[in-house]
Amino acid sequence: MADQIPLYPVRSSAAAAHRKRAAYYSAAGPGSGAEWPSSRYQLEDESAHLDEMPLMMSEEGFENDESDYHTLPRARTARRRRGLERFVCGGWKLLCTSCCDWLVNICQRKRELKARTVWLGCPEKCEEKHPRNSIKNQKYNIFTFIPGVLYEQFKFFLNLYFLVVSCSQFVPALKIGYLYTYWAPLGFVLAVTIMREAIDEFRRFQRDKEVNSQLYSKLTVRGKVQVKSSDIQVGDLIIVEKNQRIPSDMVFLRTSEKAGSCFIRTDQLDGETDWKLKVAVSCTQRLPALGDLFSISAYVYAQKPQLDIHSFEGTFTREDSDPPIHESLSIENTLWANTIVASGTVIGVVIYTGKETRSVMNTSNPKNKVGLLDLELNQLTKALFVALVALSVVMVTLQGFVGPWYRSLFRFLLLFSYIIPISLRVNLDMGKAAYGWMIMKDESIPGTVVRTSTIPEELGRLVYLLTDKTGTLTQNEMVFKRLHLGTVSYGADTMDEIQGHLRNPCPQMQSQAGGNNASSTPPRKAQSSAPKVRKSVSSRVHEAVKAIALCHNVSPVYESRAGVGGEAEYAEADQDFSDGNRTYQAASPDEVALVQWTESVGLTLVSRDLGSVQLRTPSGQIQTYCILQMFPFTSESKRMGVIVRDESTAEITFYMKGADVAMSSIVQYNDWLEEECGNMAREGLRTLVVAKRALTEEQYQDFESRYSQAKLSIHDRALKVAAVVESLERQMELLCLTGVEDRLQADVRPTLELLRNAGIKIWMLTGDKLETATCIAKSSHLVSRTQDIHIFRPVTNRGEAHLELNAFRRKHDCALVISGDSLEVCLKYYEHELAELACQCPAVVCCRCSPTQKARIAKLLQHHTGKRTCAVGDGGNDVSMIQAADCGIGIEGKEGRQASLAADFSVTQFRHIGRLLMVHGRSSYKRSAALGQFVMHRGLIISTMQAVFSSVFYFASVPLYQGFLMVGYATIYTMFPVFSLVLDQDVKPETAMLYPELYKDLTKGRSLSFKTFLVWVLISIYQGGILMYGALLLFESEFVHVLAISFTALILTELLMVALTIRTWHWLMAVAEVLSLGCYVASLAFLNEYFDVAFITTVTFVWKVSAITMVSCLPLYVLKYLKRKLSPPSYTKLTS
């Protein structure tokens, strides 16, 4: 088929390279070995041809596939159509950003980061100036605070418009009322904003000051001195006590612990709650006394500061010894800033400070999230502005452009400025605060915290939910379930058999022991008749359990329960092996589960330090193993290893365990591993393959010399070390396969079903392997049992991605499972096509995803679909995704609180998300939509009255209501009833949870659209016209009576309209209505400047006001009643 595809010409350089390779391999001579590379390069070259090929083709390209890419050309033509628009807008944008970038670069040149040589205890020897070690989380300083806050406010069209209108009142010719009627509302909004920002900024300043003022002991030639955290410099020797924060990035030199190592807690750095083991530099740890650090001449060479918190390359050199001592430094010798010392006292030399520390470099400023509702209201505000200008132009035109018409135009613009109400921003912000308070007070979802109060309505508009797996859908509580030895498998119900095997000494050991004692040796005949299978199974069980008990990074931790004085030593000796007082610490819960399982079957890990491991057998015997080398787990290698020497037999063994994809090529040939890994994955178990290799002393010494040499290299250290370790990883003996279960969170299945019924598409993004991810997707019912699953085959180039996308396009209504590597390739070449296909799937599972890929998927969905996305996670690796999504929900889990602190909303359990979205998200959006439109209606109605008034009085640009009447109308007379709409609800929370389909309607945005807005505009024009014309018709003698009748009718109309809008009454709503009416009636006594008090108390006034109010409101009540009867909304069918 590839032959029939029309291709672009291949680049000449690629063709030339191919000819060279072909010539080289043909010269290698005949035979399969020489032919194979040639064929491989031919394949590569074919893929290079395919790389030039567009994904969309003509019908000739693919036979029998006329409809293959029928949807794609439309997208491309649409892009072309928008070309000119993009060129103009894009050019302008590029010009602006280029100028801004140039200015920023001029003002703030970034210093180039370089590697450094740091002398111990000699900051003055530093060749370069390094940043101060002060933490600064403030947004502004004393000079930029006011300009910065004002810019953040006036970048919104609404606020900028009001600033211009208010400033125009300083021009005498344009002045149409009292200054305070314009400046008081604007001043109030700005004062509230500036106060809120100032309080936040002051709190940040106090937190920073508290951290920067923490005192630490600094080691000098004259002894210890106290120094503030902000005064610490590169090269200082700092002493950090137990439970104290590490103030800057340091290299670990000494510890009070005898083992030469300590534990640190890193949950504030990487979100992981497990303790990390750190190792002191052996040269400085061996020094007799602390003061000897100044008697030696030594320095640390450290790589340039970088983002990666999981790697470090450096060397420690002591010059004054003969020969000079060189030690390689890695991540286990570092103490990063903002981690906490969990055991002992540590001494370190500072290598990075302030902005160059890993924690600061990894702190990205999260984007300022703006809700979709705010953007929609901003669009409506612009539409209102166009209407305002149009109305003013019409007025000036009808006036006949007499005199200085432009002055009249400006005055009309100011008169009708209430079309765009400034109280809109205030009401919405107060509403958002109220929704946040309701969410946090909801007893059905205890512990929920609203961290971003500006976007609660986003919870009601979600279409895509991106969720992590481990700790989010699952509990991150590991339970050992299965041990497979190839010929025999042990499950939860047969673990006692393993205990039986371990209680009996290993058969090989028996025969060795028997050789020393002639009387105990059985006759040869009896020996041969013993069941061989049983013997081999028993020895294999012994080997497998021992490997699991030795190959890990778990450390048993004992709480000190020492008594007073002389009892301390006795208590310490006694507690070493007291099982009840032992807890395990490791970097992964899988590791802890494995060690806890070996303890349950009889082989207990009792102590571990840098150099040795002690195991206790079921008989109580202590076995000691010397740790020669450790190879920690990395996401690239997907495996970990350890080389140990048995103290009793001096045997050296290399144990290794890892993912099946990494281990299958390392272990000896077998016919069961792949099949059993698949079986366990289908059960939802996380699998690990365990293997070993016996080493002779010569083999180990040869390896150690090469390994030490590789670790000291400065360039390409990681590659050289990996190459040396790989030389050991050959033909290893496969011992066993383990299966560990990660339990699902409570009520995950019903919650996912609820979300799916609400029309939310769920994508699971996980770093776990494909099989486990697929299995959890099935067990959690993310993918239903009857649904097909399309597993996207691994692709490495454009051609493969193209063919695989074609295969996927032919599938209908099936869930997609894709790996991070394949995703990367597809996003590189076919981002638009992949997004289009994936968005049609009912569920998508992305496995082996890095944190940056998770964030990229969130951005891809936002960009491609324009729909709102929500990200849910619980670990530090989910933070980037949470910050990239429109709405981030963090779960306080076992991986720490980093995700919940970075999120917009924090919950304690996944199942709470259902209520958060269905009840609070839905009601927040519907309430804000109603509130926003009502506030606009309040401005439109008074502008309509002004327009009618001006047109009746010969298009005079004279204000209808002045001074306090305008301020009172927008505040005390109508604010409370209008704001009480935040308590309105169309259905009860129980109904919203029972019928999630109600949520689906919200995603279409029908509660706030140009259609609903137009309805409110028509209502405002009708009511404004009736109120003004009615007052003009019914007044008799004085103009002041028109003011009194129309204004009172206006207030009553607004109060009745609030009552008409409310769907479910709350007692506070009734209080607000009565209170506002009471305030107005009481204030009439003081408004003699505007009203004739004698006329107000007459019956004439009362009946005229009542008549006008009746005509303005009654038809709307009738229309609402008829609409509810003839075309009721969906929620009324459920509540009736």
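Residues numbered from 1 in each chain as written. Predicted model: local features only at pLDDT ≥ 70, side-chain atom pairs only at ≥ 80, totals over all residues. Heavy atoms only, no water.

Trainee: Mind laying out the overall build of the protein chain, listing which residues take part and the relevant values?
Mentor: Helix and strand content of the protein chain: 41 helices and 33 strands. Within the protein chain, counting contacts between residues at least 6 apart in sequence, those at least 24 apart form 74% of the total. Accessible area of the protein chain: about 54,900 Å², with a carbon and sulfur share of 57%. (Helix = DSSP H or I, 4+ residues; strand = E, 2+ residues; numbered from the N terminus. Contact = heavy atoms within 4.5 Å. Areas by Shrake-Rupley, 256 points an atom, 1.4 Å probe, with all protein chains shown as cover.)

Trainee: Pulling in residues and values, what's your account of the pattern of salt bridges?
Mentor: Throughout the structure, instances matching the rule amount to 32 salt bridges. Note that E376 and R461 form a salt bridge whose closest N and O atoms lie 3.1 Å from each other. Of the two residues, E376 sits in helix 11 (residues 372-399) while R461 sits in the loop between strand 14 (449-450) and strand 15 (462-467), which places them 85 residues apart along the sequence. Taking relative accessible area as the criterion, R461 reaches 4% and is therefore assigned buried. Note that E741 and K481 form a salt bridge whose closest N and O atoms lie 3.8 Å from each other. (Salt bridge = Lys/Arg side-chain N within 4 Å of Asp/Glu carboxyl O. Buried < 20%, exposed > 50% of the residue type's maximum accessible area, 1.4 Å probe, protein only.)

Trainee: Quick one: what's the story with the packing of helix 6 (residues 157-168) against helix 7 (residues 180-212), residue by residue and with numbers?
Mentor: In a packed pair of helices, the relevant descriptors are the angle between the two axes and the axis-to-axis distance. Taken N-terminus to C-terminus, the directions of helix 6 and helix 7 make an angle of 145°; their axes are 9 Å apart at the nearest point. The hand of the helix 6/helix 7 crossing is left-handed. Residues F162, L163, V165, S166 and C167 of helix 6 form the contact with helix 7, whose own contacting residues are Y182, W183 and L186. Classifying every residue of the contact of helix 6 with helix 7 by side-chain character gives seven nonpolar, one polar and no charged. (Axes fitted to C-alpha atoms, helices over the stretch in contact; angles between N-to-C directions. Left-handed = near helix turned anticlockwise from the far one by under 90°. Nonpolar A, V, L, I, M, F, W, Y, C, P; charged D, E, K, R; others polar.)

Trainee: Tell me what's going on with unusual backbone geometry, and back it up with residues and numbers.
Mentor: With an omega dihedral of 0°, the bond running from D322 to P323 counts as a cis peptide bond. One non-glycine residue with positive phi stands out, namely N243, at about 65°. With respect to the helices and strands, N243 occurs in the loop between strand 4 (237-240) and strand 5 (249-255). A positive phi angle is found at A650, which is not glycine, with a value near 65°.

Trainee: Can you explain the sheet that holds strand 12 (residues 340-341)? Please cite residues and give values.
Mentor: In spatial order, the strands read 7-6-12; together these three strands make up an open sheet with antiparallel pairing. Of all strands in the sheet, those bounded by a partner on one side alone are strand 7 (275-279) and strand 12. (Pairing = 2+ DSSP bridges.)

Trainee: Got a sec to walk through the nonpolar core? Specific residues and values, please.
Mentor: Grouped together as the largest cluster of nonpolar side chains are 95 residues, with contacts concentrated most on I889, F905, L916 and L917. Top element by residues in this core is helix 31 (residues 912-952). It accounts for twelve residues. With residues up to four places along the chain from it excluded, the contact list for I889 reads L459, C870, A871, V872, G873, I882, A903, F905, V907, I913, L916 and L917. Residues F480, A549, V595 and L615 belong to the second largest nonpolar core, which totals 41 residues. (Core = buried A, V, L, I, M, F, W, Y, C linked by side-chain atoms within 4.5 Å.)

Trainee: Describe in detail the packing of helix 22 (residues 697-712) against helix 23 (residues 717-726), supporting the description with residues and values.
Mentor: Helix 23 packs onto helix 22 with a crossing angle of 170° between their chain directions and a minimal axis gap of 8 Å. One finds that helix 22 runs roughly antiparallel with respect to helix 23. On helix 23, the residues that touch F703, R706, Y707, A710 and K711 of helix 22 are R717, K720, V721, V724 and V725. Considered class by class, the residues forming the contact of helix 22 with helix 23 number six nonpolar, no polar and four charged. (Parallel < 35°, antiparallel > 145°, perpendicular 65-115°, else oblique.)

Trainee: Account for the pairing of strand 24 (residues 652-658), with residues named and values stated.
Mentor: Most of strand 24 sits out of view: seven of its seven residues are buried. Burial along strand 24 is two-sided: I652, F654, M656 and G658 and T653, Y655 and K657, pointing in opposite directions, are all buried. Taking the residues between adjacent antiparallel strands as the criterion, strand 23 (residues 639-646) and strand 24 are bridged by five residues, where A650 takes a positive phi near 65°. For strand 24 and strand 25 (residues 685-695), the ladder comprises seven bridges, and the chain directions are antiparallel. Pairing of Y655 across the sheet is with K692, part of strand 25.

Trainee: Requested: an account of the pairing of strand 28 (residues 788-791), with residues and values cited.
Mentor: Two strands pair when backbone bridges link them, and strand 28 and strand 29 (residues 814-819) are joined in this way by four bridges, in the parallel orientation. Paired with I791 across the strands is V817, a residue of strand 29.

Trainee: Mind laying out the confidence of the model for the protein chain, listing which residues take part and the relevant values?
Mentor: On average, the protein chain scores 81 in pLDDT, and the residues at 70 or more come to 83%. Below a pLDDT of 50 lies the segment residues 1-82, which in the model reaches 70 contacts outside its immediate sequence neighbourhood of four places, other chains included. Low pLDDT (under 50) marks residues 562-577, which in the prediction has 17 contacts with non-local residues, meaning those over four places away or in another chain. (pLDDT = per-residue confidence, 0-100.)

Trainee: Account for helix 38 (residues 1067-1083), with residues named and values stated.
Mentor: Along its 17 residues, helix 38 runs 24 Å from first to last C-alpha, staying within 8% of the 24 Å computed at 1.5 Å per residue. Every buried residue belonging to helix 38 is among M1069, A1072, E1073, S1076, Y1080 and S1083, and all of these are buried. What you see down the axis of helix 38 is that its buried residues fit within an arc of 115°, all on one side. Opposite its buried face, helix 38 presents the exposed residues W1067, V1074 and V1081, each directed more than 90 degrees away. (Expected span 1.5 Å × (residues − 1). Arc of directions from axis to C-beta.)

Trainee: Give a detailed account of the sheet that holds strand 10 (residues 325-329), specifying residues and quantitative values.
Mentor: Pairing within the open sheet is antiparallel, and its four strands lie in the order 1-8-9-10. Every interior strand has two partners, whereas the edge strands, strand 1 (116-119) and strand 10, have only one. Shown here is a sheet whose adjacent strand axes are inclined to one another by a mean of 20°, direction ignored. In terms of strand pairing, strand 1 meets strand 8 (residues 298-302) through four bridges, oriented antiparallel. Across the sheet, R116 pairs through a bridge with A302, a residue of strand 8.

Trainee: So what's going on with the state of the cysteines? Residues and values would help.
Mentor: Two cysteines form a disulfide when their sulfur atoms are joined by a covalent bond. A full pass over the atoms with the stated rule returns zero disulfides. Distance from the sulfur of C814, which forms no disulfide, to the nearest cysteine sulfur (C841) is 5.6 Å. (Disulfide = S-S within 2.5 Å.)

Trainee: Lay out the packing of aromatic side chains in plain terms, naming residues and giving numbers.
Mentor: Enumeration according to the criterion identifies 28 aromatic pairs in this entry. Ring centres 5.9 Å apart and planes at 15° place the aromatic pair F412 and F416 in the stacked group. With respect to burial, F412 and F416 carry one shared label: buried. When the centroid spacing of 6.1 Å and the interplanar angle of 85° are considered together, the rings of Y464 and W763 count as edge-to-face. (Phe/Tyr/Trp six-rings, centres within 6.5 Å; stacked < 30°, edge-to-face > 60°.)

Trainee: Explain the side chain of R608 residue by residue, including any values.
Mentor: As for its position among the elements, R608 is in strand 20 (residues 604-608). Among the polar contacts made by the side chain of R608, one reaches the main-chain carbonyl oxygen of H552 at a distance of 3.0 Å. Contacts of R608, omitting those with residues within four sequence positions, involve H552, N553, V554, S555, P556, V613, I627 and M630. (Polar contact = N/O pair within 3.5 Å; in protein donor to acceptor, adjacent residues only side chain to side chain.)

Trainee: Describe the environment of V952, with residues and values.
Mentor: Turning to its location among the elements, V952 is positioned in helix 31. For V952, a relative accessible area of 35% puts it in the partly exposed group. Placed 80 residues apart in sequence, V952 and L1032 show a C-alpha to C-alpha distance of 9.2 Å. Those residues within four positions of V952 in sequence are excluded, and the remaining contacts are Y1029 and L1032.

Trainee: If you had to explain the environment of N141 to someone new, which residues and values would you point to?
Mentor: Along the chain, N141 turns up in the loop between strand 1 and helix 5 (145-154). According to the relative accessible area criterion, N141 is partly exposed, its value standing at 38%. Note: C-alpha distance between N141 and E201 (60 residues apart in sequence) is 9.2 Å. Only 2.9 Å separates the side chain of N141 from the backbone nitrogen of F143, close enough to count as a polar contact. There is a polar contact of 2.8 Å between the side chain of N141 and the backbone nitrogen of T144.

Trainee: Give a description of a nonpolar patch on the surface that names residues and reports values.
Mentor: Together, L1056, M1110, L1114, Y1117, V1118, Y1121, L1122 and L1126 line one region of the surface with nonpolar side chains, adding up to about 800 Å² of accessible area. Examining the composition of the nonpolar patch, we find that seven residues originate from one element, helix 40 (residues 1099-1126), more than from any other. One can find M1110 in helix 40. The exposure class of M1110 is partly exposed, given its relative accessible area of 48%. (Patch = residues over 30% accessible without salt bridge, like charges linked within 9 Å, V, L, I, M, F, W, Y side chains within 5 Å.)

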